[in-house]
Structure formats: structure tokens, C-alpha cells
There are 2 protein chains.
Amino acid sequence: MEKCSEPAATTAESRPGRDRAGELPGGLVVRKYGGSSLATPDRVRNVAGALAALAAEGRRVVVVVSAMGDTTDELVALAGEFADRPEARELDQLMATGEQASAALLALAVNQLGVRAGSLSGDQAGIVVGGRPGAGVIERIDAHRIFERLRHWRVVVVAGFQGRNRDGELLTLGRGGSDTTAVALAAALGSTDCEICTDVAGVHTADPRVVPGSRRLDTVPYDVMTELAGRGAKVLHPRSVALAARHEVRVRVLHSMWPVDGTTVAEEPLEAGHRVVGIAHERDVRLVSLTLTGARAARCAPALAKLVEHGLNPDVLTWRDRHEVRFTVRGQAPLDVLDEVARELDAKWVVEDDLGAVSVVGVGLFDHPGYLAGMLRAVGALGVAVAALATSPSRFTAVLPVDLLDAAVCALHETFGLGAGR
Amino acid sequence: MEKCSEPAATTAESRPGRDRAGELPGGLVVRKYGGSSLATPDRVRNVAGALAALAAEGRRVVVVVSAMGDTTDELVALAGEFADRPEARELDQLMATGEQASAALLALAVNQLGVRAGSLSGDQAGIVVGGRPGAGVIERIDAHRIFERLRHWRVVVVAGFQGRNRDGELLTLGRGGSDTTAVALAAALGSTDCEICTDVAGVHTADPRVVPGSRRLDTVPYDVMTELAGRGAKVLHPRSVALAARHEVRVRVLHSMWPVDGTTVAEEPLEAGHRVVGIAHERDVRLVSLTLTGARAARCAPALAKLVEHGLNPDVLTWRDRHEVRFTVRGQAPLDVLDEVARELDAKWVVEDDLGAVSVVGVGLFDHPGYLAGMLRAVGALGVAVAALATSPSRFTAVLPVDLLDAAVCALHETFGLGAGR
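Everything numeric here is computed off the predicted structure, so don't read it as measured data. (Residues numbered from 1 in each chain as written. Chains lettered and ligands numbered in written order. Predicted model: local features only at pLDDT ≥ 70, side-chain atom pairs only at ≥ 80, totals over all residues. Heavy atoms only, no water.)

What follows deals with the interface of chain A and chain B. Contact residues are listed per partner, giving 39 residues for chain A and 40 residues for chain B. Buried area between chain A and chain B, summed over both chains or domains, comes out near 3200 Å², and the portion from carbon and sulfur atoms is 53%. Per-residue buried area on chain A facing chain B is highest for Phe82(A), Glu90(A) and Leu108(A); these three make up 23% of the total on that side. Of the charged contacts in the structure, one is a salt bridge between Glu169(A) and Arg149(B), with a shortest N-O distance of 2.7 Å. Every element with two or more residues in the side of chain A that touches chain B is listed here: helix H2 (41–56), helix H3 (71–82), helix H4 (88–112), strand E3 (117–120) and helix H5 (144–150) of chain A. Ranked by residues supplied to the side of chain A that touches chain B, first place goes to H4(A) with 14 residues. In terms of residue class, the side of chain A that touches chain B is built from 18 nonpolar, 10 polar and 11 charged. (Contact = heavy atoms within 4.5 Å. Buried area = accessible area lost by both parts, 1.4 Å probe. Salt bridge = Lys/Arg side-chain N within 4 Å of Asp/Glu carboxyl O. Helix = DSSP H or I, 4+ residues; strand = E, 2+ residues; numbered from the N terminus. Nonpolar A, V, L, I, M, F, W, Y, C, P; charged D, E, K, R; others polar.)

Written out as C-alpha cells, the structure is:
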């Protein structure tokens, strides 16, 4: 599970928003555009046109933007020119400029169409953030800041992914932070809907680049979406889904150029039965085995706690006995932290590379024994050696060699009848 | 005269600074680096090395930066992609990111050398600005913000050219704003000195690219520097000079790579006699002639007032009679405003292009009749038709065809014996 402690938008300061969004003549739209939707001047103009059309219908728009195209990666690379390990604080100061610039440019493009628009940094938008640099968590949004602007502007463009803490420091929210900003704003402004415009037409039963026959889902419940997003479906950030669930904001995932249909993430009926909803996958997974020896052999748990304190997120975790624990990590394994733990606790570790993870995600998966059996049979038929397996009522995850990952995704999509012909 | 209403750093909030700078162990250096000094990663690293060297001497450093290289022009061009006439407010939001990014990158580069550094936006640095977007004026600096940082950081990097107004709006200070930021910070922090590091080795008797035999000046009085800067010497912004004079901050203009010698701008003795200090020049000057006809022929002054209200700065202004006024403008003439005034006041206007202005700048120029005579003779000897002439005790300015401008600068430099052989 992704950590999500955003209690945003529920405090006294933001509550008035919930009353006031409904009072805006024509209603309020809260929408987010990702970096790929703003990657070229033409796309920015397309987005401006869409916003102007909403304004022409009499609606007010609050739009959250990411940095244009590859700007964030470029800024990180630029920082790398000057520092081997850039301080998180300065990276935040630097990276926030990407979203601020795209917000100003989009506001210009909307104004050019004769619709009054203005941009705000996260700080100017009243977004108060706690936590550490690079890992900020929205604590509160002073919604009156945006309502004040909406008296003069039809379209308020907010730089995503950032806010200001109580000491006046700028903090960014980490990857996916713009989704979280948009949902938090919807909650704080009292909107029941939030539109996430991206480069796909919605949430699919599997990644369409891997499974051409995958199907767009009309509706996905919050908890299933949390699992899909947490297991590698990049369409929506897991933190934003948890935030939406807590504040009952319906999230619509739409294509930024053809914003019809899409997928709605919303509340599931209390008794929803059991079903498989989709297949998610992740590449770039590593499996760590940590073995303790000697007198300290009973200290697997403290060793793991120490790793977590160093920012490591152990996933698909299995505990062979008191001496050995295995878990997956995303991306690079933190070798320096592992070394430190090994030195301190008399442990050995091994890292397996070139792995991927495939997940069957759905509702009440344990309620139907055929689901787990079906998954194991499908993977077995490919001759795949499963390196690790984790199960929960809402997902089964298998870790396997990355070169067989796509085949496994296709096989599982087929096995559970998720294609268009269903 | 440049308009300069920065009353910065004299209010109660900033006064404590004047007491506290002296209390910092090792002392405080306030320094500014322009965009060309930060144009490449190597130059940024050079600057970081210079700052680390100051820190190694035990000093604390507050350094103001411009945007790297051509960033500001690139951002303006990017805005032009989206809007024919970008709103000043959004341009401010956009342009401020240039300085913020270079501040963060320089802080990273200094940290990399093992010296603790951090960056601040103008807002975070406590710079309170009044005025309009794109034309902000520093009202006040809450100096304690920077003193707090100096308890932890050896080097505080401040994004120049920007601040926050009382409504929380970001405003930029207009061209040359980073010079003004640096001088205002020096005053607010109680430093008696401010170093402006740029791409020239100081203030010269004339632009060395035009007059190879020009000489670096060791000391220039504030009022002479104001005239030199206002008449085209780009080394220091006129507003920053006026601010330095008011707050008795000695400004040193230094080359960013070879920061030896340079030029000090400081107080002149009360009785300073008379002398020519340097020759300044400007290209891209236009001469406007405005003639009123008919019943409203006596309304030259209101017409001019209207032009000023539209942001036009009439310079080298001559008043032939009640019906005709002539003046120069820098850069493009505001044809739309002229059209509007002409329509409203029954006037005609003519604009002469391809002109330049050369100025003899000094102290007590009227106290020596030879100065004006010498200027007129030198220009006359070149066969130059002077289109307009303005005189004051500290400068004589002649407007002439731009293709003869360099020759006029050289001739005047020679006439007044300003070369190295003096």
C-alpha cells in the first residue's frame, strides 16, 4: 500500500469551500493536465481551447498542471551537472519552477482566447504542506485564496506538485503529486468531481501497449483503483486515489485531446460480489534476500524496520523463518543501506535483478477459488518460474523474470476473459 | 532621470539588519552575479568556487543571481508562442522562475564543494514589493528571514529581480532588477558594501568595444554613475545606483572571473570641482515630433502627460513652441499610443529612425565653458548633423545618426583626454 497521510481539505479553513463551490454561477470544474498533455505549444493551445469552451458554458475552472513534457527530468539532469547527490531542499526549489512556468504559459494561452485566466504557484493557491523535501504531504488548503481569484478569473491555473510548509519552505509532493494536488483541491473547494486529463483514454483492463485487446473500464471502485495504481498502472497516482476515496471525490480519468467517456473512479456498492477487474504490471523490480547469522539471528524484524527508516519500501514480502526475509523493491536497491544493516546486524544479502511483477486486481478475489488457481495455471503454462508471490482479497501479485512479463500479462488477461469480447 | 522610488530597507523591519551584519563572525559579503556569469555549467562552478573561498575565510555570503544566460529572453519568447500581448502578471509569474532555478542550481554547486548553501526566492527572502507587474519597486525587506538562514547556511543564494506584494502577488522589478535587489539587500542587512560581479572588469571611460583605448575608472561618484548608467552604460542599473546613494552602500563593479580592482561607486566629496568622467552612448533611439493643430493648439503639455501615462518615457525633450514638442524614445516608438493621442488632440506626429545618442558625463560640466564648446566642435568636425541636444550640469547628450555614433564616441573620448595616457 502506498503511504497516504494527506488529511487535506477537511480542516476548518477549507470546509467553507465545500459550501461555496455550489454557489458559483455555472458551477466549478476541477481538472488536471499531465506533462505529456502540455508537451508542445500546439498541445498547450489545445488545452487552452478546451478550458475556454468550459468557460463559454458559464463554468469556472480550476486547473492543475504538471511541468511541460520532459521538463522535470531535464531539471533533475541539470542539477546532476552540479552535484553528485543534490540536496532534496534545493531539488524542490528547482523542480517547482517547472510547474510554475507551465501554469503561467497556460494562463497566457487561455487569456489569448479572450477568457480571463491567471496562474498561481502552490503557495499562492494556499496549499499548506508538511513532511520532508521531495516527499511533501498536503495538510490543508486555504480555499478562500482560490475563491477570491474566481471572482475575477474564469480559469485559475494552479502549479501542481507543490506547496508551502508552516515555516514558509517550499516542498514538492513527489512523483504523481499533481494528481494529488487536483484531488485535494476538488475536496477543499467542495467539488464532488475531479477530472484527470492524461495521454490515455481511461483505465484499461491491462496496459494497451502490452495487450492490444484490452478494454477501457467505465467505472472502477476506489479500492480496486488503489491496487491497480499501486501495482504499476501509471494512469493515476495511488495517493490521489486514497485521497479521493476519503473525501468522496469522484475522479474521472480522460484523454486530454478526446475527453469523452473515460473512466470514473467512484464508490463501490457495499456488497459488490467478486470479480477480476484488470491486470497490472511493473518492470524494474528487484528481489532482496536478507539472511541473519550468528547471535543476532532472531532480529529480522528490527533489520527490516531499519531499512524502512532509510526510505526503503519492502513489497511482496515473504518471511521464510526467523533468519531470512525476502522482499521486492522498485528500481535500484539501496545497496548502501543494505551494507550498513549487514555490518550492524551480522547479515548477508543477495539481490536478484531483471524481474517484473504482474498483478491480478479485483474485488473479493478470495471468494472464488478459481481465481488463484487460474492465475497459477496461466503462469505455469508459460513455463515461468515464479520468484515470489503475494495475495490479498484485492490482488494477487507474482514476481517473475522480466522477459516473460508481457506474455504473462497477456495470458492472464485472456484467462480472466477481460477482452472486448467479454 | 530614471524613476526610482525604492525606499527599501529603511523601515523598522529592516533596521535591525544594520546592527546585525556587523555581528556575524567573519563578516558579511553581499554580492550579485549577472546572467552571463552563470551562462554555462563551468561558469556556475567557477562562481561556486569563489563563494566557497569566501566561506573558507570565515565570511557569510548573501549572493543575488540573475537567470542563467539567455533564460529570460527564452522565457519571453516562449510566452510569445501563446499570446500576442502577454499579460504582465503572467509574464512575472513565468520570468521569476528563471532566477529561482539559477539560485537553486548555484546552491547545489556550492554544497557540492562542502560549503552549506541554500536558495531563496525573493518572497522567501522577505522582499516586499509594491507597484505593477513587470515594474515592481522594493518597499521593504524583512531582514530577519536571511539572518535566520545565516545561522545554518554559510551562503544564502537569493533569486534576484522579484518579490511579493502585500496581497501575496509575485512581482518582478523590471530589467536590471537583480542589481537593485543586491543593493537593497546590502542596505537591509546593514552591509556597507555590495559587489556586482559582471562580464566587464569595471566602469570604463567609454565602452571598450567602441573605444579600445578606454580606461577603467577606480572610483565614480553616485551621481555620475547614475548619469552614465542612465545614458547607456549597461554595467549597472540606474535604479540600483540611486538606491545605493540613498542608503550609503558602496557598490563595487567587478569582473566575475577576475574580481580584482574593478570600480567603486561611492560618495563624492562635497566640493568636487569640475571634470569629464566618461562617454556613454545608446543605440536604438527614435526621435518623435508631435505637432498640434487647430483649436487645441495650446495643449502640448496634456498630450505629453497622456503619453507618459501610457508608459512612454520622453527623453532629450525640446519644446519648439506651444504647438510642437520633440523628444527621443528608446527602442520602438509606441505607435498605437501616438495614434490615440493624435486622434484625440488633433495632432500629427513624425518618427525619425536610425538615431543614436552620445553623452559626455561628468561633474560640474557648466562650470567650465570649454566642455560644451569642446563637445560641439568634436561632433561638428565629424560632419554630424545633431538632431537634438540636451544639457545638464552632469551630462551633455547629442542625438545623431546611428552610423556616426561610434566615431562620435571615439572623438569625444579623445577630445576630453580620457584615454590611458591621461
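Residues and elements named next belong to chain A. This chain's UniProt record puts "binding site: ATP" (unreviewed entry) on Lys-32, Tyr-33, Gly-34, Gly-35, Thr-198, Asp-199, Arg-209, Lys-234 and Val-235. Spanning 204 residues, the named residues do not form one spatial group; their C-alpha atoms are separated by as much as 23.4 Å. According to the relative accessible area criterion, Lys-32 is buried, its value standing at 9%. Looking at Lys-32, its side chain comes within polar contact range of the side chain of Asp-179, at 2.8 Å. (UniProt positions renumbered as here; feature names shortened; annotations may be inferred. Buried < 20%, exposed > 50% of the residue type's maximum accessible area, 1.4 Å probe, protein only. Polar contact = N/O pair within 3.5 Å; in protein donor to acceptor, adjacent residues only side chain to side chain.)

Now for the packing of helix H3 (residues 71–82) of chain B against helix H4 (residues 88–112) of chain B. Residue and element names in this part refer to chain B. Where H3 meets H4, the axes come as close as 9 Å, and the angle between the chain directions of the two elements is 150°. As judged from the angle between their axes, H3 and H4 are roughly antiparallel. Handedness of the crossing formed by H3 with H4: right-handed. Here H3 contributes Thr-71, Thr-72, Leu-75, Val-76 and Ala-79 to the contact with H4, which in turn contributes Leu-91, Leu-94, Met-95, Thr-97, Gly-98 and Glu-99. (Axes fitted to C-alpha atoms, helices over the stretch in contact; angles between N-to-C directions. Parallel < 35°, antiparallel > 145°, perpendicular 65-115°, else oblique. Left-handed = near helix turned anticlockwise from the far one by under 90°.)

Take the sheet that holds strand E15 (residues 324–330) of chain A next. All names here are of chain A. Strand order across the open sheet formed by six strands is E14-E15-E13-E16-E18-E17, with antiparallel pairing between neighbours. Each edge of the open sheet carries a strand with a single partner, namely strand E14 (315–321) and strand E17 (388–392). Direction aside, neighbouring strands of the sheet carry axes that sit 25° apart on average. Examined bridge by bridge, strand E13 (residues 275–292) and strand E16 (residues 347–363) share 14 bridges and lie antiparallel to one another. Paired with Leu-287 across the bridge in E16 is Glu-352. Its contacts with the sheet place helix H11 (residues 369–381) against E13, E16, E17 and strand E18 (395–401), and it is angled at close to 15° to E18. On the sheet, helix H12 (residues 405–415) packs against E13, E16 and E18 and is oriented at approximately 140° with respect to E13. (Pairing = 2+ DSSP bridges.)

In this structure the tally under the stated criterion is two cavities of 30 Å³ or more. Roughly 330 Å³ of internal volume is contained in the largest cavity. Taken together, 25 residues line the largest cavity, and the ones lying closest to its centre are Gln100(A), Ser121(A), Asp123(A), Gln100(B) and Ser121(B). Residue assignment for the lining of the largest cavity shows that the elements contributing at least two residues are H4 and strand E7 (162–164) of chain A together with H4 and strand E7 (162–164) of chain B. (1 Å grid on protein atoms, 1.4 Å probe; cavity = no way out; pocket = protein on both sides within 12 Å on 5 of 7 lines; lining within 4 Å. Points joined across faces, edges and corners; volume = space filled by probe spheres on them.)

Through backbone hydrogen bonds, the strands of a sheet pair up, either in parallel or in antiparallel fashion. All names here are of chain A. One open sheet accounts for eight strands, arranged E3-E6-E2-E1-E9-E11-E12-E10; its pairing is mixed. The open sheet has two free edges, formed respectively by E3 and strand E10 (219–221), since each of these has just one partner strand. On average, each strand axis in the sheet is inclined to that of its neighbour by 20°, with strand direction left out of account. With three bridges joining them, strand E11 (residues 250–255) and strand E12 (residues 263–266) adopt antiparallel strand pairing. Bridge pairing links Val-251 to Val-265 in E12. Sheet strands in contact with H4 are strand E2 (60–65), E3 and strand E6 (155–159), and its direction is about 165° off that of E6.

The subject of this paragraph is the relation of the copies chain A and chain B. Under the fitted operation, chain A is carried onto chain B by 0.1 Å of movement along the axis and a turn of 179°, and the coordinates agree to an RMSD of 0.1 Å. Viewed as a symmetry operation, the transformation between the two copies matches a two-fold axis. Every residue of chain A has its C-alpha some distance from the rotation axis, and the shortest such distance is that of Thr97(A), at 2.6 Å. (Least-squares fit on C-alpha atoms with pLDDT ≥ 70 in both.)

On to the state of the cysteines, then. The full count for this structure, using the stated rule, is zero disulfides over all chains. As a non-bridged cysteine, Cys197(B) has Cys194(B) as the owner of its nearest cysteine sulfur, 9.2 Å distant. (Disulfide = S-S within 2.5 Å.)

Right, let's talk about a nonpolar patch on the surface for a bit. All names here are of chain A. A surface patch of nonpolar side chains, about 340 Å² in accessible area, is lined by Met-257, Trp-258 and Val-260. Here Trp-258 is to be found in the loop between E11 and E12. On the basis of relative accessible area, Trp-258 is assigned to the exposed category, the value being 56%. (Patch = residues over 30% accessible without salt bridge, like charges linked within 9 Å, V, L, I, M, F, W, Y side chains within 5 Å. Areas by Shrake-Rupley, 256 points an atom, 1.4 Å probe, with all protein chains shown as cover.)

Accessible area lost on assembly of the parts is the figure often given for the size of an interface. Residues and elements named next belong to chain A. What the domain assignment lists for chain A is domain 1 (16–269) and domain 2 (277–415). Taken over C-alpha atoms, the centre of domain 1 sits 31 Å from the centre of domain 2. At the interface, 18 residues of domain 1 touch 22 residues of domain 2. When residues of domain 1 are sorted by the area they lose upon contact with domain 2, Val-210, Glu-227 and Arg-231 head the list and together hold 42% of the total. At the junction of domain 1 and domain 2, the tally comes to two salt bridges. The partner of Asp-315 in a salt bridge is Arg-231, and the shortest N-O contact between them spans 2.8 Å. Taken together, the links from domain 1 to domain 2 amount to six residue pairs in polar contact (both at pLDDT 80 or more). Considering only residue class, the side of domain 1 that touches domain 2 consists of seven nonpolar, five polar and six charged. (Domains from an automatic or database assignment.)

Here we come to H3(B). Over its 12 residues, H3(B) extends 17 Å from the first C-alpha to the last, a length consistent with the 16 Å expected when each residue adds 1.5 Å. Among the residues of H3(B), those classed as buried are Thr72(B), Leu75(B), Ala79(B) and Phe82(B). Summarising the axial view, the buried residues of H3(B) lie within an arc of 70°, below the 170-degree limit, and thus occupy one face. Tucked into the core, H3(B) has its buried residues touching H2 and H4 of chain A together with H4 of chain B. (Expected span 1.5 Å × (residues − 1). Arc of directions from axis to C-beta.)

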